[in-house]
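For reference, the chains in residue letters:
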Amino acid sequence: MVIYKTKNYTDMSRKAANIISAQVIMKPDCVLGLATGSSPLGTYKQLIDWYQTGDLDFSKVSSVNLDEYRGLSPEHEQSYRYFMNTNFFDHINIDKSRTFVPDGLTSDVERFCKDYDRLIEEVGGVDLQLLGLGHNGHIGFNEPSDAFPRNTHCVDLTPSTIDANKRFFDSEEDVPRQALTMGIRNIMMAKKIVVVVSGEDKGEALREVVCGPITPKVPGSILQLHPDVTIIADEAALSKM
Ligand code: GLP
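Given the structure is predicted, the values throughout are model-derived calculations rather than measurements.

Undergrad: Can you break down the layout of surface pockets residue by residue, with the values?
TA: Roughly 640 Å³ of internal volume is contained in the largest pocket. Residue lining of the largest pocket: 34 residues in total, with Thr-36, Gly-37, Ser-38, Asn-165 and Arg-167 positioned closest to the centre. Residue assignment for the lining of the largest pocket shows that the elements contributing at least two residues are strand E4 (67-69), helix H3 (80-87) and helix H5 (159-165). Counting residues per element, the lining of the largest pocket draws most heavily on H5, which supplies 4 residues. Classifying every residue of the lining of the largest pocket gives 12 nonpolar, 17 polar and 5 charged.

Here it is as C-alpha cells:
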C-alpha cells in the first residue's frame, strides 16, 4: 500500500484525478471502476476541468460502477446512475453506452449479478478502481459480515450505512434497505486501486483498514493483500493513525 497524505479534500481530489488522468492517457481504451459518494466528487470535478481544457479524452474509455441502490430507477435523483450522469458522464466525452451501473430495478437479482460479473470480464477487467470508504470500513456496499462476499450480490444495508446516507434523502424511511454491489473478488481483481478518504469521521475506519487485522468485519482491510493500492487521504482522515 502506498499512502499519500494531502492537506485537504481539494488536494486529495487533485492527486486522485492525476492518477486517473495518467491511466487514461497511458491507455485510452482503459476500463475505470467508479464509485459514488462525496469522497470521489471532487475527483470527478477535477477530471471534468481537465477534459474541458482539452487535456483529457474519454472517448474510448469504458466504466463499471461498484454499486446501486435496489429499487431506485436510473432517473431517481438518489440513484447512483443519476449521480454518475450528473456529476461526471454528462460533462465529458465518454460513450454512455459503455458506462455500466448495476440495474437497481432488476426483477431477477441472481441472474443480474451473474451477468454483471460476466460483463466486468467481457470489458476486459478493471484497469483502475476508484474507491471511497464507508464509516464502518465498507467498500462498494460490501458491509461488515462473517465472510468476504466474492461476486456481485444483493446486500442488506447496515443501520450505520442507512444512517450515513440518509442525508441525501427526505427522511431515513426513504433510504433503500438493499443494494446491488460488486463483491470483494470483483474489486480485488482490479489491476490498480485508488482509495480516496477525507475527514476525521473516517479516521477510525481508515486506521482499521490499513493497520488492523484482515477481516470481513472491516471489508476494506482486504486491500492490504492487493499488490497495487494507493490511498490518498487528507490530514484529518489520517489523524487517528
Ligand atoms: C456509500 C457507497 C460507497 C462509498 C461510501 C462512502 O454508501 N456505497 O461506495 O464509498 O458509502 O461514502 P462517502 O464518500 O459519501 O462518505
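Undergrad: Outline the site of the ligand, listing residues and values.
TA: Neighbouring residues of the ligand: 14 residues in total, closest Ser-38, Ser-39, Asp-67, Phe-141 and Lys-202. One of the side-chain nitrogen or oxygen atoms of Asp-67 is found 2.9 Å away from a nitrogen atom of the ligand. Here a nitrogen atom of the ligand sits 3.2 Å away from a polar atom, N or O, in the main chain of Gly-140. Surface burial for the ligand is 95%, taken as the share of its 390 Å² of free accessible area covered by protein chains. Here the ligand occupies the largest pocket.

Undergrad: I'd like a rundown of the state of the cysteines, residues and numbers included.
TA: Two cysteines form a disulfide when their sulfur atoms are joined by a covalent bond. Applying the stated criterion across every chain yields a total of 0 disulfides. In this structure Cys-113 is not part of a disulfide, and its nearest cysteine sulfur, from Cys-154, lies 6.9 Å away.

Undergrad: Give a detailed account of the pairing of strand E10 (residues 229-234), specifying residues and quantitative values.
TA: The element E10 is largely enclosed, with a buried count of 6 among its 6 residues. By the alternation rule, side chains of E10 split into Val-229, Ile-231 and Ala-233 and Thr-230, Ile-232 and Asp-234, which are all buried. Here strand E1 (residues 2-6) runs beside E10; their pairing, made up of 5 bridges, is parallel. Bridge pairing links Ile-3 to Ile-231 in E10. After leaving strand E9 (residues 192-197), the chain enters helix H7 (residues 203-211) and then returns to the sheet as E10, a path that is right-handed.

Undergrad: So what's going on with the packing of helix H2 (residues 41-52) against H3? Residues and values would help.
TA: When two helices pack together, their arrangement is captured by the angle between the axes and the distance separating the axes. Contact pair H2 / H3: the axes reach a minimum separation of 10 Å and the direction vectors enclose 35 degrees. Contacts between H2 and H3 involve Leu-41, Tyr-44 and Ile-48 on the former and, on the latter, Phe-83, Met-84 and Asn-87. For the contact of H2 with H3, the class distribution of residues is 5 nonpolar, 1 polar and no charged.

Undergrad: Before we move on, could you go through H2 and cite the residues and values that matter?
TA: Taking 1.5 Å per residue as the helical rise, H2 with its 12 residues ought to reach 16 Å, and the 17 Å between its terminal C-alpha atoms agrees with that figure. Those residues of H2 that are buried lie in contact with helix H1 (9-26), strand E2 (31-34), H3, strand E6 (128-131) and E9. Phi turns positive, to about 85 degrees, at Gly-54, one or two residues after H2.

Undergrad: A description of the sheet that holds strand E7 (residues 153-156) should follow, citing residues and the corresponding values.
TA: Strand pairing in a sheet relies on backbone hydrogen bonds. The paired strands run either parallel or antiparallel. The sheet built from 3 strands is open, its strands ordered E4-E8-E7 with antiparallel pairing. Two strands lie at the open edges of the sheet, namely E4 and E7, each paired on one side alone. With strand direction ignored, the average angle separating the axes of adjacent strands in the sheet is 25 degrees. One ladder, built from 3 bridges, connects E4 with strand E8 (residues 178-181); its direction is antiparallel. The partner of Asp-67 across the bridge, within E8, is Thr-181.

Undergrad: Got a sec to walk through the sheet that holds strand E3 (residues 62-65)? Specific residues and values, please.
TA: Strand order across the open sheet formed by 7 strands is E1-E10-E9-E6-E2-E3-E5, with parallel pairing between neighbours. Edge positions in the sheet fall to E1 and strand E5 (99-100), since each of these pairs with one other strand and no more. Alignment of E6 against E9, held across 4 bridges, turns out to be parallel. Of the residues in E9, the one forming a bridge with Leu-130 is Val-194. Along the sheet, helix H4 (residues 109-122) makes contact with E3 and E5, crossing E3 at roughly 150 degrees.

What counts, and at which threshold
Residues numbered from 1 in each chain as written. Predicted model: local features only at pLDDT ≥ 70, side-chain atom pairs only at ≥ 80, totals over all residues. Heavy atoms only, no water. 1 Å grid on protein atoms, 1.4 Å probe; cavity = no way out; pocket = protein on both sides within 12 Å on 5 of 7 lines; lining within 4 Å. Points joined across faces, edges and corners; volume = space filled by probe spheres on them. Helix = DSSP H or I, 4+ residues; strand = E, 2+ residues; numbered from the N terminus. Nonpolar A, V, L, I, M, F, W, Y, C, P; charged D, E, K, R; others polar. Near = heavy atom within 4 Å. Polar contact = N/O pair within 3.5 Å; in protein donor to acceptor, adjacent residues only side chain to side chain. Areas by Shrake-Rupley, 256 points an atom, 1.4 Å probe, with all protein chains shown as cover. Sits in = over half its atoms within 2 Å of the grid points. Disulfide = S-S within 2.5 Å. Buried < 20%, exposed > 50% of the residue type's maximum accessible area, 1.4 Å probe, protein only. Pairing = 2+ DSSP bridges. Right-handed = clockwise from strand over helix to strand, strands pointing away. Axes fitted to C-alpha atoms, helices over the stretch in contact; angles between N-to-C directions. Contact = heavy atoms within 4.5 Å. Expected span 1.5 Å × (residues − 1).

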